[in-house]
Amino acid sequence: MPFEAAYLYTILPELVILITASVVLVVDLYLRDDQKGLNHSLTLVGLVLALASVGLVGGDQTATAFGGAFVRDPMSDLLKGVVIVLTLFTFVYSSNYMRDRDMWVGEYHVLVLFSLLGVMIMISANDFLSMYLGLELLALCLYALVAFDRDSKAGSEAAMKYFVLGSIGTGMLLYGISMLYGATGGIGFGDVAAAVAATGTDDKVLVFGLVFVLIGIAFKFGAVPFHMWMPDVYQGAPAPVVLFLSSAPKVAAFAMAARILLDALPGLLADWGDILIILSVLSMAVGNVVAIAQTNIKRMLAYSTVSHVGFIFFGLLAGTEQGYAAAMFYAVVYGLMAVGAFGVLVMISHKGFEAENLDDLKGLGDRDPWLAAMMTLVMFSMAGVPPMVGFMAKLLVLEAVVNVGLIWLAIVAVVFSIIGAFYYLRVVKMIYFDKPEVMDPVTASGSARIAVSVNGLAILFLGMFPAGLLALCEAAF
Amino acid sequence: MENIYLTIVLAPLAGAIIAGFFGGKIGRTGAHSATIAGVGLSAALSLWVLSRFIWHDQPNFNGPVYTWMVSDGMHFEIGFLVDRLTALMMATVTFVSLMVHLYTIGYMADDAHNWPDGALTGKNSYQRFFSYISLFTFSMLMLVMSNNFMQLFFGWEAVGLVSYLLIGFWSTRESAIFANMKAFLVNRVGDFGFILGIAAIGMYFGSMDYAEVFAKAPEHADTQIAVFGGVSLMTLICILLFIGAMGKSAQVPLHVWLPDSMEGPTPISALIHAATMVTAGIFMVARMSPLFELSTTALSFVLIVGAVTAFFMGLIGLVQNDIKRVVAYSTLSQLGYMTAALGASAYAAGVFHLMTHAFFKALLFLAAGSVIIAMHHDQDIRNMGGLRKVMPITWITALIGSLALIAFPGFSGFFSKDAIIEAVHHSDVFGAGFGWVLLSIGAFVTALYSFRMYYLVFHGQPRMDEHTRSHLHETPWVVTVPLIALAIPSIFIGWYTVEPLLINNWLGDAIYVKPENDTLHVLADHWHGQTAFILHGMAAPPFWLAMGGLALATAIWLVLHRRNPNIDAEILAKAGPVTQVLENKYGFDDFNQKVFAGGGRGLGNMLWSTGDRTLIDGAVVNGSARLVGHLAGILRHLQTGYLYHYAIAMIIGLAGLLTVFVAL
């Protein structure tokens, strides 16, 4: 595998992130405590440059690098752009929170940037090895991030659970990959697909490997019954970490599912389609029902994520290009909604006060009408109320499964969405109709306010004008 | 042009948003300045667009501006179709709306008195009112400028919503709440027909776009569908659409809401319930002429409903004593004339009357409002009299409006109404002869009730109490200027537009008439200019009937009334049972109240107590909510917090999937 200089151009966005992370790592050593803001500025500049380089190298054609280990195509362009934007939101939302809690250190930026690098590698992975490397890079950084507040017992406990369960998950993934390698003799997605096409799909070893690989994917998504780490991790980790954890890595999980299932194992659609049906119905049922019983909003949003995962699976299991585009649309939209919801939570927390319980949102409409309006937009969108984009996303995936004749599945999804609407609307009700327990105004920074406005209005805008984003998603398949 | 059309639509919306959401901050002046600026811009541009169509042969515009979604090949879009018909409607709507905006400044100046002390809804009511009427203008423009059925329905419902909000504007009054609920419910009946009609179009044509549907319509001219034992598709669609029009344009038997809607403030009675919204049905049928032309049955239905409304609603106007209700019944009657014109395929005449009526009826309403302001909100014409001396401008303009309404030769209403009666006379559809008789006698009735009101209000001895009389004075300029501005077109617009609209087919391809249905060509064949038309009209029965009505009204309420001020009551008493029937409005209200409202409530109560409370609420809703809650409680406990439980769950999942997909 000879090295070519052109590869560097193909991986330019990843290089920018890597350089930014390294620069922050070194610069941080020379900064006094009151100068840590420079880390933040450097990071934002790096992210914007990375976004620009995604646009620069992007295009309709497909390019591979490192002997086919890495691929850049329209799907990777869009998803990388989205994860970079989500990370930008993460940093803008979290700056005040981290500063107030003495976590405003270079490591935070470095870890998030390396996670992002892992996410981007997963998005562009073209064989099982690079997928696995990207996944591990992401996972290791996330374990550390969850325990970032070293004095928090809950944080350490959450990180421990995440680490152990994550190891089991990746262990299973790796085992599955080795099975697939044994059955097909390749690790490149294209090679595997070709081998499956040549030998047929009757091989039990293939299905055996597939089940293990799917469990790895399901763990990353947090699909039932591989979701149990999520509520505990969401609750224990610092809010800005959850903000990141619930957005970009979920998009990465989608990329992982799309690359492995659609690029490497399209021949096994009949098998993985059925597995995804089981996982999605379980996820919707458990996610929506259990979310109702939660009093901690971070846990509630964790279960809400579980239920959204069911919807993303819908688009994949339909097995049509329209379905894949719908799933991608859903994943992108979900990232935007998650970042908005946790962003508002981070913003209403302040020194000595964590916004964690549903009760903390009571009367937000009186305390800060604009922030309340943005949270309402996000909640409506998650519940799937038109004209918010969440409605469009749900409509598209439902259309995909209806088009392949799985009408019962669509009905199940709609019923659980209605159950789910309850807990989203309850948040809106608390915001506007309940009396606040504390009346202090929200002390969020101006940049965070701008970001949350962009975030909330984007949800509304994309809902009314979905065609552009949808066209990008359709172009990816 | 697209940007100009967008501006015309969006400027009133912007005004409505500013006045509605920021009314408290910008105050009264800010609110009326913002809305008047929005509507003024829209009116100026609309007039400019109309002038382009008249003098510069502006091409039609038909295109989408925003696609909401495409589902199963059907496009759901916001789009504009601007042709001559639309341009005419836009100019009429925005001009009348602008006048009403101005007038409202005067009418609502003392609105604080209309609210009980401390009523929360009374706060910023002035700004809210301006926001509503601007929102109405936006909705109405969306309706008339639409190029597809979905947007038409949106506009249709949006004007209905604003109408509801405005009828019940004084929400602390019981009667206002009753009236707006009634308007809402009756319109629901009509809208149900309307949406069924749209659904039928969607089902058989697979498109919401006017142009596509109209192009495909002839293919379905002979399609039969199997409902009610087989009817023609086009007849069904047209009658369903027309049921929508019956609700909005208050045709018998869905007319009952319009008189009650007078509970709203007078400016909206003028704008919504006389000049514009109620004509939406007329406009819609004219716009759908390519469909209606395919069904003679539907046309005949339209004609008969229109003629019946025109005659019988006019009769009720004779026994009303509330100044606004008299005008309201005359509106019903005139809407009947327009509808009858549509039924006779004289769409251009219907639209022509719509336009002239918009001016003179808005004028009459605003004049009535001016009288009401002067009378300190007493609306009973028995308490008025002799107002011509103290309110000269209101008097003259009201006289002009009344003359236009009774189709006095030369006034705008003459041309339009005469053309309608003439067209119905030449129509061959079933019921046309019957319709012609009703419409002709209707002219007599119109003159009678119009001048009864006119004489009782402006002539004779003043009958108001001393306090009111001492305070009588002409209303301020914001009220009188719109009156004058509306009086001018009320006189002249008929003279200048009759030739292009009816004779030279100015509306062109906006309206489609089958050659064998073309009743207006008779008019065109004998056209020798306006003067000849007037002279010809003066030789026909409707003219003499109208003049007879005018003479009779003069005899009774000007001459005899001077000698015997109780003559009005005496005549009504002598007519005995007839008066009774008219005062009961033929029993429509009682019937609806007892049968539909009572029956609906009875049925509702029954379903509520047995079906809803025990079955649905008890078993299904609370039951399932309790079940879900219970389930959530149980499942929640699976989340123990112990790491090894979580790991076990994963292993069980793995084992399950392996068993199902590998072992089996």
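This text follows the structure it describes.
About the cut-offs
Residues numbered from 1 in each chain as written. Chains lettered and ligands numbered in written order. Predicted model: local features only at pLDDT ≥ 70, side-chain atom pairs only at ≥ 80, totals over all residues. Heavy atoms only, no water. Helix = DSSP H or I, 4+ residues; strand = E, 2+ residues; numbered from the N terminus. Contact = heavy atoms within 4.5 Å. Areas by Shrake-Rupley, 256 points an atom, 1.4 Å probe, with all protein chains shown as cover. Buried < 20%, exposed > 50% of the residue type's maximum accessible area, 1.4 Å probe, protein only. Salt bridge = Lys/Arg side-chain N within 4 Å of Asp/Glu carboxyl O. Axes fitted to C-alpha atoms, helices over the stretch in contact; angles between N-to-C directions. Parallel < 35°, antiparallel > 145°, perpendicular 65-115°, else oblique. Left-handed = near helix turned anticlockwise from the far one by under 90°. Nonpolar A, V, L, I, M, F, W, Y, C, P; charged D, E, K, R; others polar. Buried area = accessible area lost by both parts, 1.4 Å probe. Polar contact = N/O pair within 3.5 Å; in protein donor to acceptor, adjacent residues only side chain to side chain. Pairing = 2+ DSSP bridges. Core = buried A, V, L, I, M, F, W, Y, C linked by side-chain atoms within 4.5 Å. Expected span 1.5 Å × (residues − 1). Patch = residues over 30% accessible without salt bridge, like charges linked within 9 Å, V, L, I, M, F, W, Y side chains within 5 Å.

(A) Expanded view of the overall build of chain A. What chain A contains, in helices and strands, is 21 helices and 2 strands. In chain A, 79% of the contacts between residues at least 6 apart in sequence involve partners at least 24 apart. For chain A, the accessible surface area stands at approximately 16,100 Å², while carbon and sulfur atoms represent 68% of it.

(B) A look at the overall build of chain B. Helix and strand counts for chain B stand at 27 helices and 4 strands. Looking at chain B residue by residue over its 664 residues, the buried ones come to 58%. Long-range contacts, defined here as pairs at least 24 residues apart, represent 80% of the contacts in chain B between residues at least 6 apart. Carbon and sulfur atoms make up 67% of the accessible area of chain B, which totals about 25,800 Å².

(C) Molecular detail of the pattern of salt bridges. Taken as a whole, this structure holds 23 salt bridges over all chains when the rule is applied. Across the pair A:Lys161 and A:Glu157 runs a salt bridge whose closest N-O atoms are separated by 2.8 Å. Placement of the pair is A:Lys161 and A:Glu157 together in helix α7 (residues 153-184), with a separation of 4 residues, close to one helical turn. Here A:Asp368 ties to A:Arg449 by a salt bridge, and the two come within 2.7 Å at their closest N and O atoms. Residue A:Asp368 is found in the loop between α16 (364-367) and α17 (369-383), and its partner A:Arg449 is found in helix α20 (residues 446-464); the two are separated by 81 residues along the sequence. Take A:Arg449: its relative accessible area is 24%, and that puts it in the partly exposed class. It is possible to trace a salt-bridge network through shared partners that takes in B:Lys182, B:Asp260, B:Arg325, B:Lys585 and B:Asp589.

(D) Highlighting the packing of α17(A) against helix α19 (residues 407-433) of chain A. All names here are of chain A. Packing of α17 against α19 leaves a shortest axis separation of 9 Å and a crossing angle of 170°. Here α17 lies roughly antiparallel to α19, going by the angle between them. With respect to the hand of their crossing, α17 and α19 are arranged in left-handed fashion. Listed contacts from α19 to Pro-369, Ala-372, Ala-373, Met-375, Thr-376, Met-379, Phe-380, Met-382 and Ala-383 of α17 are Ala-421, Tyr-424, Leu-425, Val-427, Val-428, Ile-431 and Tyr-432. Considering only residue class, the contact of α17 with α19 consists of 15 nonpolar, 1 polar and no charged.

(E) Layout of the interface of chain B and chain A. Between chain B and chain A, the contact holds 24 residues from the first and 37 residues from the second. Carbon and sulfur atoms make up 79% of the area that chain B and chain A hide from each other, which totals about 2,800 Å². It is B:Gln639, B:Met650 and B:Phe661 that lose the most area in chain B upon contact with chain A, and together they represent 25% of the buried surface on that side. Joining chain B to chain A, the criterion identifies 0 salt bridges. Where chain B meets chain A, there are 3 residue pairs in polar contact (both at pLDDT 80 or more). Elements that contribute at least two residues to the side of chain B that touches chain A include exactly β1 (61-71), α26 (588-638) and α27 (643-663) of chain B.

(F) The arrangement of the pairing of strand β2 (residues 74-82) of chain B in detail. Residue and element names in this part refer to chain B. Counting buried residues in β2 gives 7 out of 9 residues, a clear majority hidden from the surface. Relative to β2, β1 runs antiparallel, the two being bridged by 9 bridges. By the bridge assignment, Gly-63 is partnered in β2 with Phe-80.

(G) Spotlight on the nonpolar core. Counting residues in hydrophobic clusters, the biggest one holds 219 residues, and the most contacted among them are B:Phe149, B:Leu241, B:Met288, B:Leu291, B:Phe292 and B:Leu502. For this core, the element with the highest residue contribution is helix α15 (residues 347-374) of chain B, accounting for 20 residues. Ignoring any residue separated from it by four or fewer positions in sequence, one finds B:Phe292 in contact with B:Cys238, B:Leu241, B:Phe242, B:Val285, B:Ala298, B:Leu299, B:Val302 and B:Tyr347. A:Leu173, A:Met256, A:Ala331 and A:Phe416 belong to the second largest nonpolar core, which has 204 residues in total.

(H) View of helix α13 (residues 269-292) of chain A. Given a rise of 1.5 Å per residue, 24 residues ought to cover 34 Å, and the 34 Å separating the end C-alpha atoms of α13(A) matches this to within 8%. Judged by how many residues are buried, α13(A) sits mostly within the fold: 17 of 24 residues are covered.

(I) Quick look at the environment of B:His473. Residues and elements named next belong to chain B. Here His-473 is to be found in the loop between α19 (466-471) and α20 (477-503). For the pair formed by His-473 and Val-390, sequence separation is 83 residues and the distance between their alpha carbons is 5.6 Å. Beyond its immediate chain neighbours, meaning those up to four positions away, His-473 contacts Ala-374, Val-390 and Met-391.

(J) Quick peek at a nonpolar patch on the surface. Residue and element names in this part refer to chain B. Together, Ile-17, Ile-18, Phe-21, Phe-22 and Ile-26 make up an exposed nonpolar region whose accessible area comes to about 470 Å². In terms of residues, the nonpolar patch owes the most to one element, helix α1 (residues 2-21), which gives 3 residues. Note on placement: Phe-22 falls in the loop between α1 and α2 (23-55).

(K) Quick peek at unusual backbone geometry. Look at the link from A:Val224 to A:Pro225: it is a cis peptide, with omega at 0°. Within the secondary structure layout, A:Pro225 lies in the loop between α9 (204-221) and α10 (229-236). In this chain, A:Pro386 is followed by A:Pro387 through a cis amide linkage whose omega measures 5°. Following the sequence through the fold, A:Pro387 ends up in the loop between α17 and α18 (389-403). For B:Asp57, which is not glycine, the phi dihedral falls at a positive 55°. In this structure, B:Asp57 sits in the loop between α2 and β1. Unusually for a residue other than glycine, B:Ala250 sits at a positive phi of about 55°. Turning to its location among the elements, B:Ala250 is positioned in the loop between α8 (233-248) and α9 (257-260). By relative accessible area, which is 0% here, B:Ala250 ends up buried.

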